[in-house]
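Spelled out from the first residue to the last, the chains are:
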Amino acid sequence: QVQLVESGGGLVQPGGSLRLSCAGSGFTFSSNAMRWYRQAPGKEREWVATRPSAGGTTTYADSVKGRFTISRDNAKNTVYLQMNSLKVEDTAVYYCNVFRRSVNYWGQGTQVTVSS
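Given the structure is predicted, the values throughout are model-derived calculations rather than measurements.

With respect to the overall build of the protein
Scanning the protein from N- to C-terminus turns up zero helices and 11 strands. Tracing the protein from N to C terminus, the helices and strands come up as β-β-β-β-β-β-β-β-β-β-β. Whereas a compact globule of 116 residues would reach a radius of gyration of roughly 13 Å, the protein reaches 13 Å, a difference of no more than 12%. Judged by the C-alpha coordinates and their principal axes, the protein covers about 40 × 25 × 25 Å. Counting every position in the protein, which comprises 116 residues, the buried fraction comes to 42%. Taking contacts inside the protein between residues at least 6 apart in sequence as the whole, the part at least 24 apart equals 52%. Accessible area of the protein: about 6100 Å², with a carbon and sulfur share of 45%.

Description of the sheet that holds strand β1 (residues 3–7)
The strand order across the open sheet formed by four strands is β1-β3-β8-β7, and the pairing between neighbours is antiparallel. Since the sheet does not close on itself, it has two edges, and those belong to β1 and β7 (68–73), each with one partner. Taking each pair of neighbouring strands and ignoring which way they run, the sheet shows an average axis angle of 15°. Here β1 pairs with strand β3 (residues 18–25) via five bridges, running antiparallel. Residue pairing in the sheet places glutamine 3 in a bridge with serine 25 of β3.

What about the side chain of threonine 91?
Looking at where threonine 91 falls in the secondary structure, it is placed in the loop between β8 (78–83) and β9 (92–100). A polar contact is formed between the side chain of threonine 91 and the backbone oxygen of valine 88, at a distance of 2.9 Å. A distance of 2.9 Å separates a polar atom in the side chain of threonine 91 from the backbone nitrogen of valine 114. With residues up to four places along the chain from it excluded, the contact list for threonine 91 reads Ala40, Pro41, Gln111, Val112, Thr113 and Val114.

Some remarks on the pattern of salt bridges
Side chains that differ in sign of charge can pair as their charged atoms come close. Here the structure, examined in full by the defined rule, presents four salt bridges. A salt bridge links lysine 65 to aspartate 62; its shortest N-O distance comes to 3.1 Å. According to the relative accessible area criterion, aspartate 62 is exposed, its value standing at 66%. The shortest N-O distance in the salt bridge between arginine 67 and aspartate 90 comes to 2.7 Å. Taken as a pair, arginine 67 in the loop between β6 (59–60) and β7 and aspartate 90 in the loop between β8 and β9 lie far apart in primary sequence, 23 residues in all. As far as the burial class goes, arginine 67 and aspartate 90 line up, both buried. What emerges from the salt-bridge pattern is a single network uniting Arg38, Glu46, Arg67 and Asp90.

About the criteria used
- Residues numbered from 1 in each chain as written.
- Predicted model: local features only at pLDDT ≥ 70, side-chain atom pairs only at ≥ 80, totals over all residues.
- Heavy atoms only, no water.
- Helix = DSSP H or I, 4+ residues; strand = E, 2+ residues; numbered from the N terminus.
- Rg over C-alpha atoms; globule rule 2.2 N^0.38 Å.
- Buried < 20%, exposed > 50% of the residue type's maximum accessible area, 1.4 Å probe, protein only.
- Contact = heavy atoms within 4.5 Å.
- Areas by Shrake-Rupley, 256 points an atom, 1.4 Å probe, with all protein chains shown as cover.
- Pairing = 2+ DSSP bridges.
- Axes fitted to C-alpha atoms, helices over the stretch in contact; angles between N-to-C directions.
- Polar contact = N/O pair within 3.5 Å; in protein donor to acceptor, adjacent residues only side chain to side chain.
- Salt bridge = Lys/Arg side-chain N within 4 Å of Asp/Glu carboxyl O.

So yeah, pure geometry; function would need other evidence.
And the structure:
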């Protein structure tokens, strides 16, 4: 079965950096676009970034463009989210996502808290 496991969250000061990781299993990782979403307290889950399976264009939400970078290592079945210049408003639970065969799959999420 499809499994996604996120890691790398934590507490960081404004202006700091974190790198999130998401390990996928149970599907052909290299053949699927991978996405990051986030959900802040009291808000709906929002899309953050997409890394296509091959070629294509990596895309970002305007709120993170220029600060976050999504990348993937198909040999490790892992997608990353490098987050720089973090802001208080980036505080959220971050989720890894894959959409395949008309089903959305989610990890358990990892908490990112940006606070001084």
